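A structural walkthrough
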Amino acid sequence: MRYSGFKVIKEALTGHRGWGPAWRDVDPQPAYDYVIIGGGGHGLATAYYLASVYKQSRIAVLEKGWIGGGNVGRNTTIIRSNYLLDGNEPFYEFSLKLWEGLEQDLNYNAMVSQRGILNLIHTDAQRDAFIRRGNAMILNGADADLLTTAQIKKRYPFLNTENARFPIKGGLAQHRGGTVRHDAVAWGYARAADQRGVDIIQNCEVTGFTIENGTCTGVETTRGAIKAKKVAACVAGSSSRLMEKAGMRLPIESHVLQAFVSEGLKPLLPGVITFGAGHFYCSQSDKGGLVFGGDIDGYNSYAQRGNLPVVEDVCEGGMAIFPMLGRARLLRMWGGIMDMSMDGSPIIDKTHIDGLYFNGGWCYGGFKATPASGYVYAHLLANDTPHETATAYRFDRFAKGLMIDEKGQGNQPNLH
Amino acid sequence: MIINHPLLGPRDSAEFTYMGDARLINRPDWQADDAVAQFTDYGYLRDNPAGAHRELWFHEGGDRSWLVVTRDTTTHEITNVELARDVARAEGRSK
Ligand SMILES: Cc1cc2nc3c(=O)[nH]c(=O)nc-3n(C[C@H](O)[C@H](O)[C@H](O)COP(=O)(O)OP(=O)(O)OC[C@H]3O[C@@H](n4cnc5c(N)ncnc54)[C@H](O)[C@@H]3O)c2cc1C
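Residues numbered from 1 in each chain as written. Chains lettered and ligands numbered in written order. Predicted model: local features only at pLDDT ≥ 70, side-chain atom pairs only at ≥ 80, totals over all residues. Heavy atoms only, no water.

Points about the sheet that holds strand β6 (residues 78-83) of chain B
All names here are of chain B. Strand order in the open sheet formed by 4 strands is β3-β4-β5-β6, and the pairing between neighbours is antiparallel. The open sheet has two edge strands with one neighbour each: β3 (17-21) and β6. Taking each pair of neighbouring strands and ignoring which way they run, the sheet shows an average axis angle of 30°. As paired strands, strand β5 (residues 66-72) and β6 are joined by 5 bridges and run antiparallel to one another. Bridged to T70 within β6 is N80. (Pairing = 2+ DSSP bridges. Helix = DSSP H or I, 4+ residues; strand = E, 2+ residues; numbered from the N terminus. Axes fitted to C-alpha atoms, helices over the stretch in contact; angles between N-to-C directions.)

Observations concerning the pairing of strand β6 (residues 170-174) of chain A
Residues and elements named next belong to chain A. For β6, the tally of buried residues reaches 5 of 5 residues, placing the bulk of the element in the interior. Burial of the side chains of β6 extends over both faces: G170, L172 and Q174 are buried on one face and G171 and A173 on the other. For strand β5 (residues 145-147) and β6, the ladder comprises 3 bridges, and the chain directions are antiparallel. Note on β6: the bridge partner recorded for L147 is G171. (Buried < 20%, exposed > 50% of the residue type's maximum accessible area, 1.4 Å probe, protein only.)

As for the pattern of salt bridges
Applying the stated criterion across every chain yields a total of 26 salt bridges over all chains. Between A:K97 and A:E93 there is a salt bridge whose closest N-O contact spans 2.9 Å. With a gap of 4 residues between them, A:K97 and A:E93 both fall in helix α3 (residues 89-106), about one helical turn apart. Classification of A:E93 as buried rests on a relative accessible area of 2%. Between B:D47 and A:R249 there is a salt bridge; the shortest N-O distance is 2.7 Å. Placement of B:D47 in the loop between α1 (35-44) and β4 (52-58) and of A:R249 in the loop between α7 (239-244) and β12 (252-264) is noted, with the two residues assigned to different chains. Classification of B:D47 as partly exposed rests on a relative accessible area of 33%. If you follow the salt bridges from partner to partner, you end up with A:E93, A:K97, A:E100, A:D143 and A:R176 in one network. (Salt bridge = Lys/Arg side-chain N within 4 Å of Asp/Glu carboxyl O.)

Focus on the layout of surface pockets
Residues and elements named next belong to chain A. Counted as a void, the second largest pocket has a volume near 580 Å³. For the second largest pocket, the lining is made up of 27 residues, of which R181, H182, S285, K287 and V291 are closest to its centre. Broken down by secondary-structure element, the contributors of at least two residues to the lining of the second largest pocket are α6 (182-195), β12, β14 (280-284), β15 (289-300) and β16 (330-341). The biggest single contributor to the lining of the second largest pocket is β12, with 4 residues. (1 Å grid on protein atoms, 1.4 Å probe; cavity = no way out; pocket = protein on both sides within 12 Å on 5 of 7 lines; lining within 4 Å. Points joined across faces, edges and corners; volume = space filled by probe spheres on them.)

Describing the pairing of β15(A)
Residue and element names in this part refer to chain A. In terms of residue burial, β15 counts as a mostly covered element, since 11 of its 12 residues are buried. The sheet contact formed by β12 and β15 spans 6 bridges and is antiparallel. Residue pairing across strands places F260 opposite F292, the latter belonging to β15. The pairing of β14 with β15 spans 4 bridges and is classified as antiparallel. Looking at β15, one finds that C282 is bridged to F292. In this antiparallel pair of consecutive strands, β14 and β15, the connection spans 4 residues, and G288 shows a positive phi of 105°.

Description of the confidence of the model for chain B
In this model, chain B carries an average pLDDT of 95, and 98% of its residues clear a pLDDT of 70 or more. As a predicted assembly, this complex carries a pTM of 0.96 together with an ipTM value of 0.95. (pLDDT = per-residue confidence, 0-100.)

What to know about the interface of chain A and chain B
Between chain A and chain B, the contact holds 25 residues from the first and 23 residues from the second. Here chain A packs against chain B, burying approximately 2100 Å² in sum over the two surfaces, 50% of which is carbon and sulfur. It is A:R249, A:N300 and A:Y302 that lose the most area in chain A upon contact with chain B, and together they represent 31% of the buried surface on that side. Elements represented by at least two residues in the side of chain A that touches chain B include exactly α7, β12, β15 and α10 (397-400) of chain A. Considering every element that reaches the side of chain A that touches chain B, the biggest residue donor is β12(A), with 4 residues. Residue classes in the side of chain A that touches chain B are distributed as 11 nonpolar, 10 polar and 4 charged. (Contact = heavy atoms within 4.5 Å. Buried area = accessible area lost by both parts, 1.4 Å probe. Nonpolar A, V, L, I, M, F, W, Y, C, P; charged D, E, K, R; others polar.)

Brief notes about unusual backbone geometry
Of note in the backbone geometry, A:M111 takes a positive phi value of approximately 55° without being a glycine. Along the chain, the position of A:M111 falls in the loop between α3 and β4 (117-121). Of note in the backbone geometry, B:R64 takes a positive phi value of approximately 60° without being a glycine. You can see B:R64 is positioned in the loop between β4 and β5.

Quick word on a negative patch on the surface
Residue and element names in this part refer to chain A. Among the surface-exposed residues, D295, E312, D313 and E316 lie close enough to one another that they form a single negatively charged patch. For the negative patch, the leading source of residues is helix α8 (residues 308-321), giving 3 residues. On the accessibility criterion, D295 (32% relative accessible area) is partly exposed. (Patch = residues over 30% accessible without salt bridge, like charges linked within 9 Å, V, L, I, M, F, W, Y side chains within 5 Å. Areas by Shrake-Rupley, 256 points an atom, 1.4 Å probe, with all protein chains shown as cover. Lys, Arg positive; Asp, Glu negative; His and termini not counted. Charge placed at Lys NZ, Arg CZ, Asp CG, Glu CD.)

This is the structure:
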């Protein structure tokens, strides 16, 4: 069924009896060509591009819970391509371009809103760094715009530019950045993949791999064994737990990141703002809630909930740039488990086991990557060679000293 | 989280800096034949279990001692706290 304005009107006039489920509820087949583990944004996007762009078939996505129950449904929905390094920027710009055509491509309203993102500058050194970053972005075909304090004041009159400790000295804007309705991304990819014959199997946890003579030939699941020519792991925060079953240790620690939503307010924040002197980022949802977050809690965790010191730290960051935040009440907060890698960048690669592929290490920034991650992972699965925008995301980059470390922090995952 | 410091008693975890897996105490031998491979593993690979995890916490905002904390990563419950110095000595790391 195609969704359209005409269809909405027709259904409104006929009592909404014609809407079917958006994807089929299927039982697993005994064998597939491709088994994708993890029904998050990346797993579903991988299945969609495998079927649509790379014309592959016999594809299944196995999800231990329900699709969209992981980080794809827990993030703060910011998309952008404002990276510095060559290994990253072409990939994230490719992703932003895919976001721009996503809704037409999927025939699904994912509420892609290019409301712009603004990174505030508070020191002269930071201005130099942001000018450099902006130039790197432009060289890679992205957009970047250095704004003066006066230009920022015009759009965000309530910002405290004169804070004695953290004065706002300008900002780097990416006008094509913005937000996307996160659940709709999972649902849109699921529906579009399903329409192209992909089996989406929920409540199906992968509990082990079938590995014979160094080749992975299938998976064991809570719904029985499933054979596959290629097995593609794509489980974000659970990466280490899953790959341990194949005997692998990863350059990843799992950490908890919290997110917060205030009570609904009148329209106030036209775009996304980030505070540059601490760690705080904020946007306003279409329902009016201020959606914000900051640093990860900083210790290994699978608990999907964080602790109070970080709540205080995030709120202090917010209060430093817009003190009126203190008058709003917090409505909801939650946590998600981040696959923090050793250099802050992801891995999309074959493993040393034939037929077993890995996608993970997304840290707190994998939502914006969803379309490109799916696209390049599908490319790798179909062709056994990396997509041109993802050649640097290899496992062996750590051994070879080819880290992609945007922040220059070294192998300390909680600092990325 | 409250960390029960062996010398100072219960302290807020916010006084500490988290430094990762306690296996980092066991620095490989730089003269071993496969030292490069060992250091690559040591520097970049982690166990990352869901459940009991032994990890290093540095009391940066306190007495600057290093602790080995055993904590459940699924509940955040802390079951054991030792001085990293004692752990290292027991493993024969320093005299
Ligand atoms: C609070 C928070 C804020 C964030 N904000 C942003 C942001 O503003 N911008 C941004 O770009 N990114 C952000 N992120 C990061 C982003 O959400 C993640 O990097 C991204 O969603 C990870 O990819 P995914 O969607 O495939 O993961 P998930 O949705 O977590 O998918 C993984 C799936 O695998 C399943 N699974 C796990 N183990 C198994 C198994 N054994 N068998 C079968 N299935 C299994 C899980 O149930 C899960 O559904 C944020 C994350 C959090 C938690």
